[in-house]
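# Commentary on secondary and tertiary structure
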Amino acid sequence: SEELKYLRERREALGGYLPIRSFELESFNIPKLSVFEALLKSTGEKEISSTMAFVRFLSLLIRDKEIGPRVVPIVPDEARTFGMEGLFRQMGIYSSSGQLYEPEDSDKVMWYKEDIKGQVLQEGINEAGAISDWIAAGTSYASHNVTMIPFYIYYSKFGFQRVGDLAWAAGDMQAKGFLMGGTAGRTTLAGEGLQHQDGDSLIVANTIPNCISYDPTYAYELAVILREGMRRMYENMESIFYYITLMNENYTHPEMPNGSEEGIIKGMYPLKTVGKFKIEVQLLGSGAILREVEKAADMLAKDWGVMSHVWSVTSFNEITREAQKVDRENLFSISKNKKVPYITQCLKKSSGPVIAATDYMKNYAEQVRKYIPLHY
């Protein structure tokens, strides 16, 4: 009938019978890891936090003429706590009406500079508003055919705990970008009470299937993870986003060990061996607690004559997901040669018990137990 022909024509003009995202993804080159060489080297005697290392990464990234204008730093409240005030001068804080007042810190070098062309989004104490900014920037590739690279940095306890539904929505909407959980863990910001003692954000992050989560300790680990995240999201066009923890303790950062890049990305790599004794132990540490694990290795060698192989676990979540994927493939495979999970490969030639220590609930490290071929 004429009526049905008309209805069909209208439906086709609207794009068809089913909802569809129609966009052309922009392609651009992600900087090579060598661009962030300063973060791959030892800090020597100088002590910095991993949060400061992130700010340095961001400062190097915004210098890239192609990528710099796409970077969207988002801070809900604590820019100075995170040491991000340097970005005020470099990028400016976005304000639709520009600077309408004289800020209290106008006599300082890093003054609170608002600008109609500013790139930093400063939302005040408003986590829901800040993550909504992040979702808007993270989905602009589909909404406006403009790829943005948003970095939302906040106290880790104030992320999934407060706006978990929006984080889930971000995954559902295929948002791309980085959630940076500052002052992460239960011990990195003692003194402000339980509200900051985060023992579960990495566990909650793991409930979102396309959220890739890491708990790095050193600057080179952070640089490798951030660079790999950009490669996967903006070169490979994968529909994922990242949650990465940051700490505010100051300490020296070593040089990146040769050949460690792959292990950092997979979630685990050998950091060092301490002592030369017959009795051995495998020590797994991550985030705020890895340095305590290194101290434990020194004590075991000095006081007990035990040799420690220290492993930096950048993500118990990622090594667990990989192992579960291998389990599933083996279940359905008809091949006699079964695949071996990465963590099992790492430890299968080792001896002695395996001990893991993190700053999170025991469930975080517990999830790999099945795949460890030694006493855990």
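For the structure, see preceding data.
Residues numbered from 1 in each chain as written. Predicted model: local features only at pLDDT ≥ 70, side-chain atom pairs only at ≥ 80, totals over all residues. Heavy atoms only, no water.

## Regarding the sheet that holds strand S11 (residues 307-312)
- An order of S9-S11-S10-S12 is seen for the 4 strands of this open sheet, with the pairing classed as mixed. If you trace the sheet from one side to the other, it starts and ends with strand S9 (269-274) and strand S12 (354-357), each paired once. The mean inter-strand angle of the sheet, taken between neighbouring strand axes irrespective of direction, is 25 degrees.
- Here 4 bridges tie strand S10 (residues 280-285) to S12, and the two strands are oriented parallel to one another. Looking at the pairing, Leu284 lines up with Ala356 of S12.
- Set on the sheet, helix H11 (residues 290-304) makes contact with S9, S10, S11 and S12; between it and S11 the angle comes to about 170 degrees. (Pairing = 2+ DSSP bridges. Helix = DSSP H or I, 4+ residues; strand = E, 2+ residues; numbered from the N terminus. Axes fitted to C-alpha atoms, helices over the stretch in contact; angles between N-to-C directions. Contact = heavy atoms within 4.5 Å.)

## A few points about the sheet that holds strand S1 (residues 71-75)
- Read from one edge of the open sheet, 6 strands run S4-S1-S5-S6-S8-S7, paired in parallel fashion. Here the strands that pair on one side only, and so sit at the sheet edges, are strand S4 (121-122) and strand S7 (211-214).
- Most of the contacts of helix H5 (residues 127-138) go to strand S5 (residues 149-155), to which it runs at about 160 degrees, and overall it touches S1, S4, S5, strand S6 (178-182) and strand S8 (241-245).

## Thoughts on the packing of aromatic side chains
- Tallied over the full model, the rule gives 15 aromatic pairs.
- Seen in terms of ring centroids, Phe151 and Phe178 are 4.9 Å apart; in terms of plane orientation they differ by 5 degrees. Their pairing is stacked. Residue Phe151 is found in strand S5, and its partner Phe178 is found in strand S6; the two are separated by 27 residues along the sequence.
- Judged by its relative accessible area of 1%, Phe151 is buried.
- Relative to Tyr154, the ring of Tyr152 lies with its centre 4.6 Å away and its plane at 45 degrees, an arrangement referred to as tilted. (Phe/Tyr/Trp six-rings, centres within 6.5 Å; stacked < 30°, edge-to-face > 60°. Buried < 20%, exposed > 50% of the residue type's maximum accessible area, 1.4 Å probe, protein only.)

## A look at H11
- The end-to-end C-alpha distance of H11, which contains 15 residues, comes to 20 Å, matching closely the 21 Å that a straight helix rising 1.5 Å per residue would cover.
- Residues of H11 that are buried sit in contact with helix H9 (219-235), S9, S10, S11 and S12.
- Directly beyond the C-terminal end of H11, a positive phi value near 65 degrees is found at Gly305. (Expected span 1.5 Å × (residues − 1).)

## Focus: the nonpolar core
- Phe54, Met84, Phe151, Phe178, Met180, Leu226 and Tyr242 are the most contacted members of the largest nonpolar core, which has 68 residues in total.
- The greatest single-element share of this core, amounting to 10 residues, is contributed by H9.
- Ranked by size, the runner-up nonpolar core spans 42 residues in total, among them Tyr154, Ala170, Leu202 and Ile208. (Core = buried A, V, L, I, M, F, W, Y, C linked by side-chain atoms within 4.5 Å.)

## Considerations on the pattern of salt bridges
- Enumeration over the complete set of coordinates arrives at 12 salt bridges.
- When the shortest N-O distance is used, the salt bridge between Arg231 and Glu228 registers 2.8 Å. One end of the pair is Arg231 and the other is Glu228, both in helix H9 and 3 residues apart, which spans about a single turn.
- Given a relative accessible area of 24%, Arg231 falls into the partly exposed group.
- Under the relative-accessibility criterion, Glu228 is labelled buried at 12%. (Salt bridge = Lys/Arg side-chain N within 4 Å of Asp/Glu carboxyl O.)

## Considering the side chain of Asn210
- Take Asn210: it is sitting in the loop between helix H8 (201-205) and S7.
- At 2.9 Å, the side chain of Asn210 and the backbone oxygen of Gly171 are in polar contact.
- Within the structure, the side chain of Asn210 is placed 3.4 Å from the backbone oxygen of Ser239, a separation counted as a polar contact. (Polar contact = N/O pair within 3.5 Å; in protein donor to acceptor, adjacent residues only side chain to side chain.)

It is worth stressing that arrangement in space is one thing and function is another; only the former is reported here.
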